[in-house]
Amino acid sequence: MTTASVSRLVAGIIFGLGSPVLHAQEVIELPRQDTHIEPAFEEVYRIGALEGESWEMFGEVNKVAFDAEGNLYVFDGTMSLLGSGNLRVLVFDSTGGFRHQFGSWGGGPGEFNRPVGFAVLRDGSTVVSDVGHRAYQIFDASGAFQRMVRAGDERGDVSASANIQPDPLGGAVFVGGFGGGPSISIRTSGGGGGAERTASRPVTRVSLGGQEVQTDTVVEGWLPQQPDINDHVSNAPAEFREMLGSMSMPALFEPRLLVGVLPDGGIVHSDSSAYALKVTPPGGRKVERIIRRPFRPEALTPAVQRDYEERRAAEREAVSETTMLRVRGRSEGGSPPARGTFRLEQRYYHEVPVLRTLATTWDGRIWVQRRGEHPERGGPIDVLTVEGEYVGTYSTGATEMPDAFGPDGLAAFIELAEFDVPSVVVRRLPAGVR
C-alpha cells in the first residue's frame, strides 16, 4: 500500500455570527505513477441461464445489490415511464441458491407503477422509487410489502430519482448521481408545471421513517452551466415543449456527479473534469478532504470530436449530428396514438473528464475508473482508502467495475453470455481492495 507523497492543510474562512471560523480542509496529492495489482478474484457463484427454471432466466438485469447477510437482489425486467413493462426482484442466498422473488406491475400498493430507482438496506428491506405512486415503496426482507412513504409537497409535485443508494445506518436512502450513469431526476406535477432548474447538483439524504419523506442536502455538487433543452430542439410539438419546461440538457462528455456512500454514512464525490475526490463526513455539508492525482482532462479538439463520431458511426452504421427522438401522443376522440419526430441537437463539453465511474465498498475502499484510450470508454481502475492512501491500480481491461459491492468482500458483475443472455457473477475480492 502506497501513501500520499504530499499532504497539506488548506484553511478556509467561514463567517458566522460576526466571527470568523476556521475550517480546515485536507488536500492529499497522490503520485501519478500507477502500481499495478492483479484481479485475483475468487468466483463464488454464477446465476442466469438461457433455459431453466423461471428464476434462472433473466430478461434484462437493471441492478444488483447485497444485504448484510450476503443475499443478492437482482432487479430483472423492463422499465418504462409510460407505465408498461415487466419487472421482478429475485433474491439469492450467499451461495447462489434461489430464495424468493417479488414484484409485479400494477397500480395498487406493493405493485410497481413506473419504478425508476431501487436500493437494498442492510437489513434486507427493499426501497423502490416509484413515479406512478408518487412515493417510495418499502418491502421487508421476505419481499412482503410494508408501506409507502409519500415523496411530494403541498403543490402536488413529486420528485423521484433513478439514482438512489442505501444509507448504511438504515432508515434512509441517498439521492444523487451514483456510479457512472447519468443522474436522472424526474419531477411530475399535479398542476402540470415544468421541471425546476437548480443551481447545483445536490446529494440528498431522504429519511423514510414517516408517512412523508424528510430530506436533507448533504453535498452540493458543482453544476456546469446548461441551456434550456428547448433551445436545442427542432420540429417538436408545442405540448412536448411545454412538458420539457425548463429542463436542461447536459453536453456530451460533461463531467458527471459521481458519488459513493461510505460505511459511516459519509459521502465521497467528484463533480469536475479533474481527478479530485471530495470526502464529506456524516451529517456535514463541508468537504473535509480532497484526494487528487495529477491527471489532466483532455481538451475537446476537432480531431477528438471527429474520431469519436467516426467510432459511433462504425458502431451504429450511421452517424448524425443530432439525436432522433420519437414521441407518441393520443389525439382527441381516443383514436390511435399519433406519431411525430423531432430533433435534439447534440452539444459537446469543452474537455473530456479524467474520471468515468466511482463506487465504494462495504469496508470503505474507493474504486474510481479513469477514462480509457477513447473518451467514451473505461480505462484503469484505482483503489484508494478514504484516508487518502493509494492501494493500487487495475490496468485497462483487467477487470470491469463491479455492479455491486457486498459484505465479506463480495462483488457482483452483470455480464452478457452467448446470445446476449444476461447473467450475474459473484466474486470475492482480496482483503486489500475490499
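Engineer: Give me the lowdown on the overall build of the protein, citing residues and values where you can.
Structural biologist: A count of helical and extended segments in the protein gives two helices and 33 strands. Here the contacts in the protein between residues at least 6 apart in sequence split such that 53% fall between residues at least 24 apart. In the form shown here, the protein has an accessible surface area of approximately 21200 Å², with 49% of it arising from carbon and sulfur atoms.

Engineer: I'd love a proper account of the pairing of strand 17 (residues 214-221), names of residues and values included.
Structural biologist: Pairing of strand 16 (residues 201-207) with strand 17 involves seven bridges; the strand directions are antiparallel. Its bridge partner lying in strand 17, Arg 201 is registered against Gly 221. From the end of strand 16 to the start of strand 17, which pair antiparallel, there are six residues.

Engineer: Kindly report on unusual backbone geometry, identifying the contributing residues and their values.
Structural biologist: Here Phe 253, not a glycine, exhibits a phi torsion of approximately 75°, which is positive. Take Phe 253: it is sitting in the loop between helix 1 (238-244) and strand 19 (258-261). In this model, Asp 408 sits at a positive phi of 55°, which is unusual for a non-glycine residue. As for its placement among the helices and strands, Asp 408 is situated in the loop between strand 31 (404-405) and strand 32 (410-416).

Engineer: Describe the nonpolar core, listing the residues and the values that go with them.
Structural biologist: In globular proteins that are soluble, nonpolar side chains generally tend to be buried together. Formed by 29 residues in total, the largest nonpolar core has its most connected members in Leu 72, Val 74, Trp 367 and Val 424. The greatest single-element share of this core, amounting to four residues, is contributed by strand 32. When sequence neighbours within four positions are dropped, the list of residues in contact with Val 74 reads Ile 47, Phe 58, Val 61, Lys 63, Val 64, Arg 88, Val 89, Leu 90, Phe 92 and Val 424. By size, the runner-up hydrophobic cluster in this structure holds 18 residues, among which are Leu 258, Val 279, Leu 355 and Leu 358.

Engineer: Report on helix 2 (residues 302-316), specifying residues and quantitative values.
Structural biologist: With 15 residues, helix 2 extends 21 Å between its outermost C-alpha atoms, agreeing within 8% with the 21 Å of an ideal straight helix rising 1.5 Å per residue. Along helix 2, the residues that are buried comprise Val 304, Tyr 308 and Arg 311. The arc enclosing the buried residues of helix 2, seen along the axis, measures out at 65°, which places them on a common side. The exposed residues of helix 2 that point more than 90 degrees off its buried face are Pro 302, Ala 314 and Arg 316. Contacts from the buried residues of helix 2 go to strand 23 (298-299).

Engineer: Outline the packing of aromatic side chains, listing residues and values.
Structural biologist: One pass over the structure, following the stated rule, counts 16 aromatic pairs. A ring pair is formed by Phe 139 and Phe 145, whose centres lie 5.8 Å apart and whose planes are at 70°; its orientation type is edge-to-face. We classify Phe 139 as buried; its relative accessible area is 2%. Relative to Phe 405, the ring of Trp 367 has its centre 5.2 Å away and its plane inclined at 65°; by these criteria the two rings are edge-to-face. Residue Trp 367 is located in strand 28 (residues 365-371), and its partner Phe 405 is located in strand 31; the two are separated by 38 residues in the primary sequence. In terms of burial, Trp 367 and Phe 405 fall into one category: buried. Every member of this aromatic cluster is reached through a ring pair, and the members are Phe 41, Trp 367, Tyr 394, Phe 405 and Phe 413. Between Arg 122 and the ring centre of Trp 362, over which it is positioned, the NZ or CZ distance is 3.5 Å.

Engineer: A description of the environment of Asp 76 should follow, citing residues and the corresponding values.
Structural biologist: Mapped onto the fold, Asp 76 is located in strand 5 (residues 72-78). In sequence terms Asp 76 and Leu 87 are eleven residues apart; their C-alpha atoms lie 5.8 Å from each other. Once residues lying within four places of it in the same chain are set aside, the contact partners of Asp 76 are Met 57, Phe 58, Gly 59, Glu 60, Val 61, Asn 62, Asn 86, Leu 87, Arg 88 and Leu 90. From its side chain, Asp 76 meets the backbone nitrogen of Glu 60 in a polar contact 3.0 Å long.

Engineer: How would you summarise the sheet that holds strand 33 (residues 422-428) if you had to cite specific residues and measurements?
Structural biologist: Pairing in this open sheet of four strands is antiparallel, and the strands run 3-33-32-31 from one edge to the other. Taken across any chain shown, the strands that pair with only one partner, and hence form the sheet edges, are strand 3 (42-47) and strand 31. Bridge analysis of strand 31 against strand 32 gives two bridges, and the strand direction is antiparallel. Within the sheet, the bridge partner assigned to Phe 405 lies in strand 32 and is Ala 411.

Engineer: Please give an account of the pattern of salt bridges that cites residues and values.
Structural biologist: Summed over all chains, the structure comprises 20 salt bridges. Across the pair Asp 34 and Arg 293 runs a salt bridge, and its minimum N-O distance is 3.0 Å. Of the two residues, Asp 34 sits in the loop between strand 2 (19-29) and strand 3 while Arg 293 sits in the loop between strand 22 (289-292) and strand 23, which places them 259 residues apart along the sequence. Looking at Arg 293, the relative accessible area reads 2%, which means it is buried. Each of the salt bridges in this network shares a partner with another, and the network as a whole consists of Arg 311, Arg 312, Glu 315, Glu 376 and Arg 377.

Conventions and cut-offs
Residues numbered from 1 in each chain as written. Predicted model: local features only at pLDDT ≥ 70, side-chain atom pairs only at ≥ 80, totals over all residues. Heavy atoms only, no water. Helix = DSSP H or I, 4+ residues; strand = E, 2+ residues; numbered from the N terminus. Contact = heavy atoms within 4.5 Å. Areas by Shrake-Rupley, 256 points an atom, 1.4 Å probe, with all protein chains shown as cover. Pairing = 2+ DSSP bridges. Core = buried A, V, L, I, M, F, W, Y, C linked by side-chain atoms within 4.5 Å. Buried < 20%, exposed > 50% of the residue type's maximum accessible area, 1.4 Å probe, protein only. Expected span 1.5 Å × (residues − 1). Arc of directions from axis to C-beta. Phe/Tyr/Trp six-rings, centres within 6.5 Å; stacked < 30°, edge-to-face > 60°. Lys NZ or Arg CZ within 6 Å of the ring centre and 35° of its normal. Polar contact = N/O pair within 3.5 Å; in protein donor to acceptor, adjacent residues only side chain to side chain. Salt bridge = Lys/Arg side-chain N within 4 Å of Asp/Glu carboxyl O.

From the geometry alone we can't say anything about function, so treat these as descriptive.
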